[in-house]
Amino acid sequence: MLNLFKTLAMTALVAGLGISMNSQADTYPSKPIRLIVPAAAGGTTDIAARVVADALAKELGQSVVVDIKAGAAAIIGTQALISSPPDGYTIIMGNIGPNAINYSLYKTLPYKLEDLEPITMVLATPNVFVVNANFPAKTVAEFVSLAKANPGKYSFASSGRGQSIHMSGEMFKFQAGIDVVHVPYKGAGPALIDLMGGQVTMMMDNLPSSMQFIKSGKLRALAVTGKTRSPELPDVPTMIEAGFPNFEVTAWFGLFAPAKTPKPIIDTLYAATKKVLNNPDVKLRIVELGGYSPADTPANTKSFVLAEKKKWEQVVINAKVQPE
């Protein structure tokens, strides 16, 4: 009788949990959603979040509040996500850095791949090799010649250790055989300010955050890191065209939720985001930033992120970047 009572109690508990989860998913969302940006304001992660936040709010019928939690190579923001309840009310605009590269650059991380549940990719974009408009080099080849003639004199800025901006710079150093000093910043915004001010020499920035400064003439684009030229910068060659046949980097930005978020909620967020990304105004904005929207399913996004993690493990080894 005691065993029977325990079995019935457990069955009732499981059934109750099932009803609770289904009820939660059926009423979702019933309050504002927090969208964490684990990077400084003004960078591409922030831009990607703001491109979709308002439209997503209209689609879901609830406010989507952008919450900047920058620092420590996006580790602080990612920690904030995984410590939140898996109920769909806290999500993050992740990116290639914390969600793929960091696993190879840090000996210990306060999170692991399985702690995050992918929703979908929002933005993919090449990086762009930019210098101050007054810098003498007009091409990648000219930059390499100057750097080889002046080892250690020049520097490259990044939005922080582990971001694709950092790793693109390390790839360039390795493939070009040059000595250029890495200067990490707490986000692309501060790095770009110093680049335009002449405090650093170059940057392999995400294209969206540099685009306005390229078009205004404050920065000179020497190359993009995509397989093909950017439609928004048709006169700027690729790194492949510039003589680096193995140099291709695509930065990406996507939505993630804490692990164990119910699948119906993940599916609701994916469907709403996909609809937003198909909105003509949003699509135009993303094109103007020099990117495109993959908007793939949660399952395909999970497979993609795993593949990216493995890819960057090899890049870190090749570039001889020592894990911290």
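Residues numbered from 1 in each chain as written. Predicted model: local features only at pLDDT ≥ 70, side-chain atom pairs only at ≥ 80, totals over all residues. Heavy atoms only, no water.

Observations concerning the pairing of strand β3 (residues 90–95)
Phase 1 of the analysis: Within β3, 6 of the 6 residues are buried, leaving the element largely enclosed by the surrounding structure.
Phase 2 of the analysis: Burial along β3 is two-sided: T90, I92 and G94 and I91, M93 and N95, pointing in opposite directions, are all buried.
Phase 3 of the analysis: In terms of strand pairing, strand β1 (residues 33–37) meets β3 through 3 bridges, oriented parallel. Bridge pairing in β3 places L35 opposite I91. (Buried < 20%, exposed > 50% of the residue type's maximum accessible area, 1.4 Å probe, protein only. Helix = DSSP H or I, 4+ residues; strand = E, 2+ residues; numbered from the N terminus. Pairing = 2+ DSSP bridges.)

Quick notes on the pattern of salt bridges
Phase 1 of the analysis: Across all of its chains, the model carries 11 salt bridges by this definition.
Phase 2 of the analysis: Across the salt bridge formed by R50 and D46, the nearest N and O atoms sit 2.7 Å from each other. Placement of the pair is R50 and D46 together in helix α2 (residues 44–60), with a separation of 4 residues, close to one helical turn.
Phase 3 of the analysis: Owing to a relative accessible area of 45%, R50 belongs among the partly exposed residues under this scheme. (Salt bridge = Lys/Arg side-chain N within 4 Å of Asp/Glu carboxyl O.)

Structural notes on the environment of F129
Phase 1 of the analysis: Position of F129 relative to the elements: it lies in strand β4 (residues 116–132).
Phase 2 of the analysis: Judged by relative accessible area, which is 0%, F129 ranks as buried.
Phase 3 of the analysis: Sequence-wise, F129 and V224 are 95 residues apart; in three dimensions their C-alpha atoms are separated by 6.0 Å.

Topic: the nonpolar core
Phase 1 of the analysis: Formed by 83 residues in total, the largest nonpolar core has its most connected members in M93, F129, V140, F143, F172, M239 and W312.
Phase 2 of the analysis: Sort the elements by how many residues they give to this core and α2 lands first, with 9 residues.
Phase 3 of the analysis: Counting 20 residues, the second-largest nonpolar core is a separate cluster that includes A188, V200, F213 and A221. (Core = buried A, V, L, I, M, F, W, Y, C linked by side-chain atoms within 4.5 Å.)

Quick word on the pairing of strand β2 (residues 64–68)
Phase 1 of the analysis: The sheet contact formed by β1 and β2 spans 5 bridges and is parallel. Paired with L35 across the strands is V66, a residue of β2.
Phase 2 of the analysis: Assessed by its sense of winding, the connection that carries the chain from β1 through α2 to β2 is right-handed. (Right-handed = clockwise from strand over helix to strand, strands pointing away.)

Here's the deal with helix α5 (residues 140–149)
Phase 1 of the analysis: The complete set of buried residues in α5 reads V140, F143, V144 and A147. Buried residues of α5, seen end-on, are gathered within an arc of 100 degrees and therefore sit on one face of the element. (Arc of directions from axis to C-beta.)

A closer look at unusual backbone geometry
Phase 1 of the analysis: In this structure, the amide linkage connecting Y28 to the following residue, P29, adopts the cis form with an omega of -5 degrees.
Phase 2 of the analysis: Here P29 is to be found in the loop between α1 (2–27) and β1.
Phase 3 of the analysis: Even without being glycine, A73 reaches a positive phi, approximately 55 degrees.
Phase 4 of the analysis: Relative to the assigned elements, A73 resides in the loop between β2 and α3 (75–82).

Describing the packing of aromatic side chains
Any two aromatic rings considered together are summarised by their centre-to-centre distance and by the angle between their planes.
Phase 1 of the analysis: A complete count under the given rule lists 11 aromatic pairs for this structure.
Phase 2 of the analysis: Measuring from centroid to centroid gives 5.6 Å for F135 and F143, while their planes differ by 40 degrees, and the two rings are tilted.
Phase 3 of the analysis: The buried category is assigned to F135, whose relative accessible area is 12%.
Phase 4 of the analysis: Looking at F143, the relative accessible area reads 0%, which means it is buried.
Phase 5 of the analysis: Seen from the ring of Y89, K31 lies directly overhead, with NZ or CZ sitting 4.7 Å from the centre.
Phase 6 of the analysis: The ring of Y106 is capped by R161, whose NZ or CZ atom sits 5.7 Å from the centre of that ring. (Phe/Tyr/Trp six-rings, centres within 6.5 Å; stacked < 30°, edge-to-face > 60°. Lys NZ or Arg CZ within 6 Å of the ring centre and 35° of its normal.)

Some points on helix α7 (residues 188–197)
Phase 1 of the analysis: The set of residues buried in α7 consists of A188, G189, A191, L192 and L195. Down the axis of α7, the buried set is contained in an arc of 160 degrees. They therefore lie on one face.
Phase 2 of the analysis: Looking at the buried residues of α7, the elements they touch are β4, β5 (155–158), α6 (164–176), β7 (202–206), α8 (207–215) and β8 (219–224). (Contact = heavy atoms within 4.5 Å.)

Describing the environment of E114
Phase 1 of the analysis: Within the secondary structure layout, E114 lies in the loop between α4 (96–105) and β4.
Phase 2 of the analysis: Taking the C-alpha atoms as reference points, E114 and N102, separated by 12 residues in sequence, lie 14 Å from one another.

What about the environment of I33?
Phase 1 of the analysis: The residue I33 is located in strand β1 in this model.
Phase 2 of the analysis: For I33, a relative accessible area of 1% corresponds to the buried category.
Phase 3 of the analysis: Sequence separation between I33 and L105 is 72 residues, and the spatial gap between their C-alpha atoms is 31 Å.
Phase 4 of the analysis: Ignoring sequence-local partners within four residues, the contact set of I33 consists of Y28, L60, S63, V64, V65, G88, Y89, I91 and L269.

Some thoughts on the packing of α4 against α6
Phase 1 of the analysis: Relative orientation of the contacting elements α4 and α6 amounts to 50 degrees, with a least axis distance of 10 Å. Comparing their axes, α6 and α4 come out oblique. The segment α4 lies against α6, with I96, I101 and L105 engaging S164, H166 and M167.
Phase 2 of the analysis: Tallied by class, the residues present in the contact of α4 with α6 amount to 4 nonpolar, 2 polar and no charged. (Axes fitted to C-alpha atoms, helices over the stretch in contact; angles between N-to-C directions. Parallel < 35°, antiparallel > 145°, perpendicular 65-115°, else oblique. Nonpolar A, V, L, I, M, F, W, Y, C, P; charged D, E, K, R; others polar.)

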